[in-house]
Number of protein chains: 2
Amino acid sequence: MNTKIVLDEAQIPKQWYNIIPDMPGPLAPVVNPQTLQPVTPDDMLPIFPMSLIEQEMSPQRWIDIPDEVREIYRLWRPAPLYRARRLEQALGTPAKIYYKYEGVSPAGSHKPNTAIPQAYYNKQAGIRRLATETGAGQWGSSLALACSMFGLECTIYMVKVSCTQKPYRKSMMQLWGGTVIPSPSEFTNAGRTILAHDPDNLGSLGIAISEAVEDAATHDDTNYALGSVLNHVCLHQTVIGLEAKEQLAIAGDYPDVVIACCGGGSNFAGLSFPFIADRAAGKQVRCIAVEPASCPTLTKGVYAFDYGDTAKLAPIAMMYTLGHDFMPPGIHAGGLRYHGDSPLVSQLYNAGVIEAKAYKQNACFEGAILFARSEGIVPAPESSHALRCAIDEAVLAKEEGKEKTILFGLSGHGQLDMGAYDAYLSGSLEDYEYPEAKIKEALERLPKVQL
Amino acid sequence: MNTKIVLDEAQIPKQWYNIIPDMPGPLAPVVNPQTLQPVTPDDMLPIFPMSLIEQEMSPQRWIDIPDEVREIYRLWRPAPLYRARRLEQALGTPAKIYYKYEGVSPAGSHKPNTAIPQAYYNKQAGIRRLATETGAGQWGSSLALACSMFGLECTIYMVKVSCTQKPYRKSMMQLWGGTVIPSPSEFTNAGRTILAHDPDNLGSLGIAISEAVEDAATHDDTNYALGSVLNHVCLHQTVIGLEAKEQLAIAGDYPDVVIACCGGGSNFAGLSFPFIADRAAGKQVRCIAVEPASCPTLTKGVYAFDYGDTAKLAPIAMMYTLGHDFMPPGIHAGGLRYHGDSPLVSQLYNAGVIEAKAYKQNACFEGAILFARSEGIVPAPESSHALRCAIDEAVLAKEEGKEKTILFGLSGHGQLDMGAYDAYLSGSLEDYEYPEAKIKEALERLPKVQL
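Residues numbered from 1 in each chain as written. Chains lettered and ligands numbered in written order. Predicted model: local features only at pLDDT ≥ 70, side-chain atom pairs only at ≥ 80, totals over all residues. Heavy atoms only, no water.

By the naming in an unreviewed UniProt entry, chain A goes by Tryptophan synthase beta chain and is assigned to Geomesophilobacter sediminis. UniProt's Function (unreviewed entry) comment on chain A is quoted here verbatim: "The beta subunit is responsible for the synthesis of L-tryptophan from indole and L-serine." According to the UniProt record, the Pathway (unreviewed entry) comment for chain A is "Amino-acid biosynthesis; L-tryptophan biosynthesis; L-tryptophan from chorismate: step 5/5." (UniProt positions renumbered as here; feature names shortened; annotations may be inferred.)

(A) Seen up close, the side chain of threonine 155 of chain A. Structurally, threonine 155 of chain A can be placed in strand S7 (residues 153-159). Within the structure, threonine 155 of chain A has its side chain in polar contact with the side chain of arginine 129 of chain A (distance 2.7 Å). (Helix = DSSP H or I, 4+ residues; strand = E, 2+ residues; numbered from the N terminus. Polar contact = N/O pair within 3.5 Å; in protein donor to acceptor, adjacent residues only side chain to side chain.)

(B) Up close: the sheet that holds strand S9 (residues 222-224) of chain B. All names here are of chain B. Judged by pairing direction, the sheet is parallel, and its four strands sit side by side in the order S8-S7-S6-S9 without closing on themselves. Only two strands of the sheet have a single partner each, and these edge strands are strand S8 (179-183) and S9. On average, adjacent strands in this sheet sit at an angle of 25° to one another, irrespective of strand direction. Bridge count between strand S6 (residues 129-134) and S9: three bridges; the pairing is parallel. Within the sheet, the bridge partner assigned to leucine 130 lies in S9 and is asparagine 223. Along the sheet, helix H6 (residues 138-150) contacts S6 and strand S7 (153-159); its crossing angle with S6, the most-contacted strand, is approximately 165°. (Pairing = 2+ DSSP bridges. Axes fitted to C-alpha atoms, helices over the stretch in contact; angles between N-to-C directions. Contact = heavy atoms within 4.5 Å.)

(C) Just helix H5 (residues 112-124) of chain A, in detail. Residue and element names in this part refer to chain A. For H5, with 13 residues, the first-to-last C-alpha span of 18 Å sits near the 18 Å given by 1.5 Å per residue. Counting buried positions along H5 gives eleven out of 13 residues, so the element sits mostly inside the fold. The set of residues buried in H5 consists of Pro112, Asn113, Thr114, Ala115, Ile116, Pro117, Gln118, Ala119, Tyr120, Tyr121 and Asn122. Count one or two residues on from H5 and you reach glycine 126, which has phi positive near 85°. (Expected span 1.5 Å × (residues − 1). Buried < 20%, exposed > 50% of the residue type's maximum accessible area, 1.4 Å probe, protein only.)

(D) Region of the structure containing the UniProt feature "modified residue: N6-(pyridoxal phosphate)lysine" (unreviewed entry) in chain A. Residues and elements named next belong to chain A. Residues annotated by UniProt as "modified residue: N6-(pyridoxal phosphate)lysine" (unreviewed entry) correspond here to Lys111. As for its placement among the helices and strands, lysine 111 is situated in the loop between strand S5 (96-101) and H5. Beyond its immediate sequence surroundings of up to four residues, lysine 111 is in contact with Gln138, Trp139, Ser142, Gly227, Ser228, Gln237 and Ser266.

Put into structure tokens, the structure is as follows:
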């Protein structure tokens, strides 16, 4: 039997799956941070094109993928689904382990799945430039790639400390024609305000979002693009799960459990939503969102209205949150460091439809090394969270003597994350659990939304 | 029509193509550096297993690929063949441009195609450890990967300056369980001799080969593995060209010109040899080996017997050479820095069967940026030499108003070579042509072989 299950380009999905009509109850409104009242589509027009705003709240279950987007998807999609036979052997497990590998994209992760359509719809709307933020650089490099494909300019506010820690991802953005601005910067009010109080501020994702949103809102020819969290981002990522279902069907299999790492939530959404859709047909797949113990939004956060960014410029959303002024600890290796979580993923978790787990980073890297030495591929630190959980599920299956089919998302490769691997291999990578007292304190700063 | 032509795993070649019986004339003997007489298989046994020694001089046109090797190949093979439609559009050329992409391997290059069988045959021979050298790190990381797949230890003598310049590739070797030793080192006579005269020596590929060969020759449980140059390495790489031929046949095409970058020669051999084989059937494909102007072995070197390494431990071979004490200039960005060239490739070039071209590195990076912004993938600096030549052929076709089918080898991705891209983008990358006077001088140090 094949190690990889590979589809033909003609099998790239022609429609994205929109989970909104299948949600357990109505969506909470998105709230304007100034008025504390629900946003209207018009509120969003200064930073998003109408086509994406419509997708954000569409009641249609299936949304056509434009041909122009599918043309670019063809550069790397369909992404392979692997049966991890050598990992199964290394674990001695009776479980079947499959992984959907998104590291084959030019940027090395799943992020281009949404960067490409976002660039496309903005180009269609006559926009000349996109502004965005990036932390570890996976999203910024993906949007730079997408903009180069459609002839758009791209300005990326990159968390200052990451510019130093991840110089290669910064270079990739420039290689694809992007302009990288270390954040906080002097280019925006949001950045200047922070630098006035704290000139040595190393930046955070929340601050960088504030800068990018302000840049977009204050320039007519410029829109904003977000790499996760929003409904339309989750929508675009469903190509992952839709392909994986086709591929598992070819293998004659269906997963008992679907596992993906979860930061802003779009990677998890992309893999799991198409399987959650099968619940209507009576299929009871478990879906586990895996997050770092140092940014445990689902497992330790609260389900509440909170700001999307530090400067309170982005809309307020009902979501699991650690507080909008959350600063991830410097020791944290990977991405997955947003204070909040996708409202869709949050609602599903709150309704008990999905599960969540948090892992410390040394356990994840331990799993990643085992994986690299059996399957070859070097996992992204983010993806290693899902991988670690999949290993634990497989070991449990062995202990229980049960057959089980596990599908996990290998959302990217880790070839640009060698600094973190070095730290792990030299024993200097620290584990850190986000303290509950900090969350309690952050709760006092949540917006007081009354609808 | 598809952008990628993808084969099923069942179509991974079952045999490698051995060009030896199809060479234009008998092979020159390989010569023992001590006796200056032809080597016998027994001379090679201290460092190679008999199965590889047999492949080195086999008269069989087709050699079976062991099932255990094909099993590992399945982790990434068959590699995709792309039609570069977006690059064609960017160039406005009537030429069809295809590229065979080997960056999908876990190590990111074509090197595992031979690392895997070399590790396998050594494991079969009861060897416990492999020693090798690496420059930029592509080969060292590939052999570490291969050793981890077969449970072998791996010792890699890495050119000292590369340990600093390419820390990420060093980390990848360690991640796959390899032991990296900066070369020249205190662990071998070859290393100690050099350090005694020059404690600050930054190393070269020739020195690192000397150390690895000495390590293998002086330890019974240890063999040596070379990442290019040798006949069996070229043999293993023919999976590239064999797959590409199948894929082009599916597209209903056949190349007018096949282009690959050429350092030690195995990448060029891998893509081109299966097409050269078609000459017997009257197909007249041009094959162009592309090398850097800073290490112009074929285009500026001499065809002569020369040592394979600096310390004169490795066999003497008849090949194009710049002299065995060649030191590539520090400004040179990519790999492709071996002083010699595969004896097979050299003989074909000397006989006029293939062509060769040399390019300066700024022109190559210029092409690589155009490629990344149209096709997405970031090319390895080595591969950008082939890419640049393919662009020039496509532009020529436009000027001449001719249809033409171009196939080039994209032997790896460049995500770990961002330092070189940074230098190019900031305008600080220098061009350098290796001076002819240096070659003249080196000729005086060639071994005096009289057979």
